[in-house]
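Spelled out from the first residue to the last, the chains are:
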Amino acid sequence: MKITSYGSSSAGNCYLIEDKGQLIMLEAGVKPKNIKHDISEIDGLLITHEHNDHAKYAKQIIKRCASNLYCTKGTYEALKDKPDSYRFMQVHSKQSFNVKNWRILPFDVEHDAAEPVGFLIDTPGKKRILFATDTYYVRYKFNKVTHLMIECNYHLEALQHNSELGLIDKKRYTRLLTSHFELNNVIQFLKANDLSQLEEVHLLHLSDTNSDAELFREKVKQVVGVPVYIAGSD
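Below or above, wherever it landed, is the structure these notes cover.

The rules we used
Each chain has its residues counted from 1, running along the sequence as written. The predicted origin of the model limits local features to residues at a pLDDT of at least 70 and limits the giving and counting of side-chain atom pairs to 80 or more, whereas totals for whole chains, interfaces and linings rest on all residues. Computation of side-chain values covers all heavy atoms of the structure but excludes hydrogens and water. Segments assigned H or I by DSSP are reported as helices when at least four residues long, segments assigned E as strands when at least two residues long, and all are numbered from the N terminus. Partly exposed residues are those whose accessible area sits between 20% and 50% of the maximum for their type, while under 20% is buried and over 50% is exposed, using a 1.4 Å probe and protein chains only. The contact criterion used throughout is that any non-hydrogen atoms of two residues lie within 4.5 Å. In short, DSSP must find at least two bridges between two strands for them to pair. For helices, the axis comes from a line fit to the C-alpha atoms of the stretch in contact; other axes are also lines fit to C-alpha atoms, and the angle between any two N-to-C directions lies between 0 and 180 degrees. Pairing of aromatic rings covers Phe, Tyr and Trp, the last through its six-membered ring, and needs centres within 6.5 Å; plane angles under 30 degrees mean stacked, over 60 mean edge-to-face, and all others mean tilted.

## Brief notes about the environment of glycine 118
- Following the sequence through the fold, glycine 118 ends up in strand S9 (residues 117–122).
- Since its relative accessible area comes to 0%, glycine 118 is described here as buried.
- Discounting residues that sit within four places of it in the chain, glycine 118 has contacts with Leu105, Pro106, Phe107, Val109 and Phe131.

Okay, structure coming up:
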């Protein structure tokens, strides 16, 4: 199984998962021309919420493939540029569904969006991927996860330091606290979950100004004991 990141930041997010010759896309915040895979081959496009860095190119991507868009009703209705309604497959938190040989369970997350979710994905090759981004908290626990794709956006100390220097205004400071996953919260989440079958971790959506990729990698690796990758840079 292979995970490829075509963007993992506020500039745009998009991930491809390949397993047993099958392909699924997570997020659509990157221009189709910048995606090296053949988009026409994807089994489905999953998006977590409507913000542009995750969903701006959903319509364009769906036009280039024979598959559908999978997201919540709240997300679809909030999209600025929607694919045709017949290509929209509504998903519901804690109700699993199939996309060909992929089994997917959405779960609700905490973000300032219409109806955001994360996804627990069982792949055609019997791997289990947990995908959670743009949330400051995950209320659920998960078992038998082999691949973890999780946001680790900022370090509170760095955020506070930048705020004190006036590099971040109060509005943005407050929003980050209630919309994105902080390093220490990620570590607490990891400790609360079953890591017995974990093979690798992909840290997503690191802040340009409030993160330290190598620090984050080392801190997470101390907890999980498996390879840790920084999406968009490794």
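Picking up after the structure, the text goes on.
## Quick notes on unusual backbone geometry
- Unlike most non-glycine residues, lysine 100 shows phi in positive territory, near 55 degrees.
- Here lysine 100 is to be found in the loop between strand S7 (97–99) and strand S8 (102–108).
- What makes lysine 100 exposed here is its relative accessible area of 62%.
- Its identity as a non-glycine residue notwithstanding, lysine 144 has a phi of 60 degrees, on the positive side.

## A word on the pairing of strand S11 (residues 147–151)
- Burial runs high along S11: five of the five residues are buried.
- Across four bridges, the pairing between strand S10 (residues 128–132) and S11 is parallel. Bridge pairing in S11 links isoleucine 129 to histidine 147.

## Describing the sheet that holds strand S12 (residues 200–204)
- Strand order in the open sheet made by the seven strands is S7-S8-S9-S10-S11-S12-S13, with mixed pairing throughout. Two strands close off the open sheet at either side, each with one partner strand: S7 and strand S13 (228–230). Across this sheet, the average inter-strand angle for adjacent strands is 20 degrees, counted without regard to direction.
- Across the sheet, helix H7 (residues 213–224) lies against S12 and S13, angled at about 155 degrees from S13, the strand it touches most.

## Some remarks on the packing of aromatic side chains
- In the structure shown here, the tally under the stated rule is seven aromatic pairs.
- Look at tyrosine 70 and phenylalanine 97: their rings are 5.5 Å apart centre to centre, the planes differ by 10 degrees, and that puts the pair in the stacked class. Of this pair, tyrosine 70 sits in strand S5 (residues 69–71) while phenylalanine 97 is found in strand S7, placing the two residues 27 residues apart along the sequence. With respect to class, tyrosine 70 is no different from phenylalanine 97; both count as buried.
- When the ring of phenylalanine 142 is compared with that of phenylalanine 189, the centres are 6.4 Å apart and the planes differ by 65 degrees; the resulting orientation is edge-to-face. One end of the pair, phenylalanine 142, is in the loop between S10 and S11; the other, phenylalanine 189, is in helix H6 (residues 183–191), with 47 residues separating them in the sequence. Here phenylalanine 142 and phenylalanine 189 have matching classes, each one buried.
- Ring pairs connect the aromatic residues Phe107, Tyr140, Phe142, Phe181 and Phe189, which therefore count as one cluster.

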